[in-house]
Amino acid sequence: MKMVDEAADDFQQIDGITTKSMLQVKEMNETIAEVALKTKTGLEAIEKIVLLAKDSNEAIQEISASAEETSMSTEEIAAASETLKSLMEELQHIINKFRI
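These remarks concern the structure in this document. Values in this document were obtained by computation on a predicted structure and should not be read as measured data.

## Thoughts on the overall build of the protein chain
Here's step 1: Along the protein chain, the regular secondary structure elements total one helix and zero strands.
Here's step 2: Computed over its C-alpha atoms, the radius of gyration of the protein chain comes to 43 Å, more than 25% above the 13 Å expected for a compact globule of 100 residues.
Here's step 3: Projecting the C-alpha coordinates of the protein chain onto the three principal axes gives extents of approximately 145 × 10 × 10 Å.
Here's step 4: Residue burial in the protein chain is summarised as follows: out of 100 residues, 0% are buried.
Here's step 5: On the protein chain, roughly 9,500 Å² of surface is accessible, and the fraction owed to carbon and sulfur atoms is 64%.
Here's step 6: Of the charged side chains in the protein chain, 10 are positive and 20 negative, and the gap between their average positions amounts to 5 Å.

Here it is as structure tokens:
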């Protein structure tokens, strides 16, 4: 009988250890699921940041192109102004020849 009682005690200990192990495995699975969810959320946030960065980069390139066009237009206006100034001076010189 002693052997049977010892075996029963051993099986009860095994049952307790198995139950405890199953609870620990369940807890680990829940923790892993939480980490996976947080990782997924983090990756989604990073993807959004990448898209915003790309959009910002495109906007900056458009602004840069517009600024370059404006600069070129300003240079063209300055050149045209210089030409107009020269023509005005030349016209003034011609008018001065006809003054009495």
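## Things to note about a negative patch on the surface
Here's step 1: A contiguous patch of negative charge on the surface is contributed by Asp5, Glu6, Asp9 and Asp10.
Here's step 2: Checked against the element boundaries, Asp10 lands in helix H1 (residues 2-98).
Here's step 3: Looking at Asp10, the relative accessible area reads 43%, which means it is partly exposed.

## With respect to the environment of Thr39
Here's step 1: As for its position among the elements, Thr39 is in helix H1.
Here's step 2: Along the primary structure Thr39 and Ile17 are separated by 22 residues, whereas in three dimensions their C-alpha atoms are 32 Å apart.

## A look at a nonpolar patch on the surface
Here's step 1: Together, Val25, Met28 and Ile32 line one region of the surface with nonpolar side chains, adding up to about 290 Å² of accessible area.
Here's step 2: The residue Ile32 is located in helix H1 in this model.

## A word on the environment of Asn57
Here's step 1: Tracing the backbone shows Asn57 in helix H1.
Here's step 2: Put simply, Asn57 and Ile46 are eleven residues apart on the chain and 16 Å apart in space, counted from C-alpha to C-alpha.

Criteria and cut-off values
- Residues numbered from 1 in each chain as written.
- Predicted model: local features only at pLDDT ≥ 70, side-chain atom pairs only at ≥ 80, totals over all residues.
- Heavy atoms only, no water.
- Helix = DSSP H or I, 4+ residues; strand = E, 2+ residues; numbered from the N terminus.
- Rg over C-alpha atoms; globule rule 2.2 N^0.38 Å.
- Buried < 20%, exposed > 50% of the residue type's maximum accessible area, 1.4 Å probe, protein only.
- Areas by Shrake-Rupley, 256 points an atom, 1.4 Å probe, with all protein chains shown as cover.
- Lys, Arg positive; Asp, Glu negative; His and termini not counted.
- Charge placed at Lys NZ, Arg CZ, Asp CG, Glu CD.
- Patch = residues over 30% accessible without salt bridge, like charges linked within 9 Å, V, L, I, M, F, W, Y side chains within 5 Å.
- Salt bridge = Lys/Arg side-chain N within 4 Å of Asp/Glu carboxyl O.

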